[in-house]
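# Commentary on secondary and tertiary structure
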Amino acid sequence: HDLDINKDGWNTMILVMSHELLTKKRAVARRFMKAYLEGVKFVHANPAETLKIWSKEVKIGLITQMEKPPLMSPNAKLNLKGMQNTVRLLREYGFTKTEPRAEDVVDHSLIDEVLAGR
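A brief report on the enclosed structure follows.

Scoring rules and cut-offs
Residues numbered from 1 in each chain as written. Predicted model: local features only at pLDDT ≥ 70, side-chain atom pairs only at ≥ 80, totals over all residues. Heavy atoms only, no water. Axes fitted to C-alpha atoms, helices over the stretch in contact; angles between N-to-C directions. Helix = DSSP H or I, 4+ residues; strand = E, 2+ residues; numbered from the N terminus. Parallel < 35°, antiparallel > 145°, perpendicular 65-115°, else oblique. Contact = heavy atoms within 4.5 Å. Nonpolar A, V, L, I, M, F, W, Y, C, P; charged D, E, K, R; others polar. Salt bridge = Lys/Arg side-chain N within 4 Å of Asp/Glu carboxyl O. Buried < 20%, exposed > 50% of the residue type's maximum accessible area, 1.4 Å probe, protein only.

## Section: the packing of helix α2 (residues 26–45) against helix α3 (residues 47–58)
Their axes nearest at 5 Å, the elements α2 and α3 cross at an angle of 115 degrees. The angle between α2 and α3 falls in the class roughly perpendicular. Contacts between α2 and α3 involve Phe42, Val43, His44 and Ala45 on the former and, on the latter, Pro47, Glu49, Thr50 and Ile53. Of the residues that constitute the contact of α2 with α3, the class distribution is five nonpolar, two polar and one charged.

Take a look at the structure:
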């Protein structure tokens, strides 16, 4: 597949948390999400600096030649069309036997809580 992750609505970052973390340790999950959202905010406010830091941390100099970091939603919510594309590819390549609807597997409630200040 020839994919343009910035054009076709693909997600460049997908976070997965266990049901146990989300139900039994919700406060820990909220603190993690708050820190993650601060990182997303930094990426949007400082794209050139982000590329320098990323390049240094992973020791790949070519990263600094990118025009900008990969597209991320400013509120860290997944693009559901992009998630559906990911699910389709997972099925196509045999990683799953089913193709659930993105709306049924994506839960933005933790992000909503953090953005609401809870």
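## Points about the pattern of salt bridges
If you walk through the whole model with that rule in mind, you get seven salt bridges. Glutamate 113 is the partner of arginine 30 in a salt bridge, and the nearest nitrogen-oxygen pair spans 3.0 Å. In this pair, arginine 30 is assigned in helix α2 and glutamate 113 in helix α6 (residues 109–115), connecting sequence segments 83 residues apart. Look at glutamate 113 and you get buried, because its relative accessible area is 14%. The partner of glutamate 92 in a salt bridge is arginine 88, with the nearest N and O atoms 3.7 Å apart.

## A look at the side chain of serine 55
Secondary-structure assignment places serine 55 in helix α3. In this structure, serine 55 is in contact with Ile60, Gly61, Ile63 and Thr64, ignoring residues within four places of it in sequence.

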